[in-house]
Amino acid sequence: KSCTKCVGCEMAPGDFGAPGEAVGRAGDEIVLCGQLFHTGTRVLTWMDKGGFNAYSPLPPVGVTTDAVPALRYGNRKVALQKQSKTRYPSTRLAIDNNNNPKGVTPLKKEVKSEEWDLEYLREVVHQLVIHYDGCGTARRCFRVLHDERALSCHFIIDLDGTIYQTLDCKERAWHATIANDCSVGIEICNLGALNTDAEVPGIFEEWYRRKRAHSPPTSSSTDNDPTENSSSSVYLRPPDDGSGDPVPTTPGYVGRPAIDSIVRGEIQGQDLRQWDFTRAQYIALCKLAATLSTALPRIRVQYPTKRDGGVVRTKLPDEELSTFEGYIGHYHVQSNKVDPGPAFQWDLLVEQVTSLLER
């Protein structure tokens, strides 16, 4: 029936909920341009209790307001040829010519946050950048990124597989320099990789421990969780960070690296060693990646490969980076980075995402 107070408004019975009726959520949703998408795994957004809010402009306690910028994110910039003349008719911003082999400086338009819709985001975003945080837990990661370094990332995956979304994916998170405009960023909690000739820091020995045969660590959440390898001789239990909050958020959680020994490998020509991520993190990452590749189809289910099919373990040339569609590491973007490290299982990511999307 027609609304008597709004000319042109058509209202059919049952189109809307009753006034004041709560809209239910399952607790697995992520947000893209204000729309909710199911992932099939636990998610806390910046709107949820216990979530991390990268929209907050407040500096940390004890830091003066001029020590960090007011915001930790920005507006995505899009190439002029992608610009919709009807929606974005005005200012053009000249930027570097990394993506133009002829040396002509391309023009880009800064698109304000409120102007993005899902259709346009699907045209622009074509990369999922994977990081390790070097902090070990989501709470530490957010504190370092947001409070100390004035940076941001769309998602953080904690040791227990809990996904934290800190910003809507329409925002330009500050996580991967020249890839920020066309990417979504994910930080996976992990202490990171070391050069093989470096001394193993005490924090590694404190976090990663081998259980004794007669006294394995116990946890109700782990015992009932098939994502963790209960037969592993290595368990992961980060020390209390002093906040009074559980680390990570699953009560009694005991994590175990997916591989039972330190992984050694080469990134950017460096011989590195690293403990693998937890199985819970891989499962959460795969479900999140499957969701993003569905909602943003230019993020294809692939990673940069060499002629022999193995993953590229160096920075991509700028021209190749600008056109690649799919999953990349931070080190593919910047030559001074090595994350997500030699332990990261690229094959597992693609195989599991492919399996999820075929169901």
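Residues numbered from 1 in each chain as written. Predicted model: local features only at pLDDT ≥ 70, side-chain atom pairs only at ≥ 80, totals over all residues. Heavy atoms only, no water.

### Some words on the overall build of the protein
Moving on, step 1. If you tally the helices and strands in the protein, you get 8 helices and 18 strands.
Moving on, step 2. Expressed as a percentage of the 359 residues in the protein, the buried residues total 48%.
Moving on, step 3. Sequence separation of at least 24 residues holds for 67% of the intrachain contacts in the protein that already meet a minimum separation of 6.
Moving on, step 4. Accessible surface, the protein: about 17,600 Å² in total, of which carbon and sulfur atoms supply 50%. (Helix = DSSP H or I, 4+ residues; strand = E, 2+ residues; numbered from the N terminus. Buried < 20%, exposed > 50% of the residue type's maximum accessible area, 1.4 Å probe, protein only. Contact = heavy atoms within 4.5 Å. Areas by Shrake-Rupley, 256 points an atom, 1.4 Å probe, with all protein chains shown as cover.)

### A few points about the packing of aromatic side chains
Moving on, step 1. Per the stated rule, a full pass over the model turns up 11 aromatic pairs.
Moving on, step 2. Centroid distance Tyr282 to Phe344: 5.9 Å. Interplanar angle 40°. Geometry classified as tilted. One end of the pair, Tyr282, is in helix α5 (residues 279–295); the other, Phe344, is in the loop between α7 (330–333) and α8 (346–358), with 62 residues separating them in the sequence.
Moving on, step 3. Aromatic rings pair up to connect Phe277, Tyr282, Tyr303, Phe344 and Trp346 into one cluster. (Phe/Tyr/Trp six-rings, centres within 6.5 Å; stacked < 30°, edge-to-face > 60°.)

### So, unusual backbone geometry
Moving on, step 1. A cis amide bond links Asp339 with the next residue in sequence, Pro340, at an omega value of 15°.
Moving on, step 2. Secondary-structure assignment places Pro340 in the loop between α7 and α8.
Moving on, step 3. Even without glycine at this site, Ala150 takes up a positive phi of about 55°.
Moving on, step 4. Tracing the sequence through the fold places Ala150 in the loop between α2 (138–148) and β9 (155–157).
Moving on, step 5. Positioned with a positive phi, Gln268 is a non-glycine residue whose angle comes to about 55°.

### Some details on the sheet that holds strand β17 (residues 270–274)
Moving on, step 1. Judged by pairing direction, the sheet is antiparallel, and its 3 strands sit side by side in the order β13-β17-β16 without closing on themselves. Because the sheet does not close on itself, it has two edges, and the strands there are β13 (194–195) and β16 (263–267).
Moving on, step 2. Two elements, β13 and β17, share 2 bridges in a ladder whose sense is antiparallel. Looking at β17, one finds that Leu194 is bridged to Arg273. (Pairing = 2+ DSSP bridges.)

### Re empty space enclosed by the protein
Moving on, step 1. Going through the model one piece at a time under the given rule, you end up with 2 cavities of 30 Å³ or more.
Moving on, step 2. If you add up the space inside the second largest cavity, you get close to 40 Å³.
Moving on, step 3. Along the walls of the second largest cavity sit Leu194, Val200, Phe204, Ile262, Arg273, Gln274 and Trp275, which together make up its complete lining.
Moving on, step 4. Looking at side-chain class alone, the lining of the second largest cavity contains 5 nonpolar, 1 polar and 1 charged residues. (1 Å grid on protein atoms, 1.4 Å probe; cavity = no way out; pocket = protein on both sides within 12 Å on 5 of 7 lines; lining within 4 Å. Points joined across faces, edges and corners; volume = space filled by probe spheres on them. Nonpolar A, V, L, I, M, F, W, Y, C, P; charged D, E, K, R; others polar.)

### A short note on the side chain of Arg172
Moving on, step 1. As for its position among the elements, Arg172 is in strand β11 (residues 172–173).
Moving on, step 2. On the accessibility criterion, Arg172 (16% relative accessible area) is buried.
Moving on, step 3. Among the polar contacts made by the side chain of Arg172, one reaches the side chain of Asp181 at a distance of 2.6 Å. (Polar contact = N/O pair within 3.5 Å; in protein donor to acceptor, adjacent residues only side chain to side chain.)

### Details of the environment of Gln165
Moving on, step 1. Checked against the element boundaries, Gln165 lands in strand β10 (residues 163–165).
Moving on, step 2. Spatially, the C-alpha atom of Gln165 lies 7.2 Å from that of Val43, the residues being 122 residues apart in sequence.
Moving on, step 3. Residue contacts for Gln165: discarding those within four places in its chain leaves Ile30, Val31, Leu44, Thr45, Trp46, Phe52, His154 and Phe155.
Moving on, step 4. At a separation of 2.8 Å, a polar atom in the side chain of Gln165 contacts the main-chain carbonyl oxygen of Leu167.

### What to know about the pattern of salt bridges
Moving on, step 1. Applying the stated criterion to the full structure yields 6 salt bridges.
Moving on, step 2. For the salt bridge of Glu325 with Arg298, the shortest nitrogen-to-oxygen distance reads 2.8 Å. You can see Glu325 sitting in the loop between α6 (318–323) and β18 (326–329) and its partner Arg298 sitting in the loop between α5 and α6, a full 27 residues away along the chain.
Moving on, step 3. Of the residues examined, Arg298 reaches a relative accessible area of 24% and is grouped as partly exposed.
Moving on, step 4. The partner of Asp318 in a salt bridge is Lys315, with the nearest N and O atoms 2.8 Å apart.
Moving on, step 5. The partly exposed category is assigned to Lys315, whose relative accessible area is 24%.
Moving on, step 6. Ionic contacts of the salt-bridge type, sharing partners, join the residues Arg25, Glu29 and Asp48 into one network. (Salt bridge = Lys/Arg side-chain N within 4 Å of Asp/Glu carboxyl O.)

### Let's talk about α2
Moving on, step 1. Here α2 has its buried residues at Ala138, Arg140, Cys141, Phe142, Leu145, His146 and Asp147.
Moving on, step 2. A positive backbone phi angle near 55° is found at Ala150, which sits one or two residues after α2.

### Overview of the layout of surface pockets
Moving on, step 1. The computed volume of the second largest pocket comes to approximately 350 Å³.
Moving on, step 2. Surrounding the second largest pocket, 21 residues form its lining, His131, Arg149, Glu187, His330 and Lys337 being those nearest its centre.
Moving on, step 3. Looking at the lining of the second largest pocket, the elements with two or more residues in it are β8 (127–132) and α2.
Moving on, step 4. Here the lining of the second largest pocket gets 3 residues from one element, more than from any other, and that element is α2.
Moving on, step 5. In the lining of the second largest pocket, the residues fall into 9 nonpolar, 7 polar and 5 charged.

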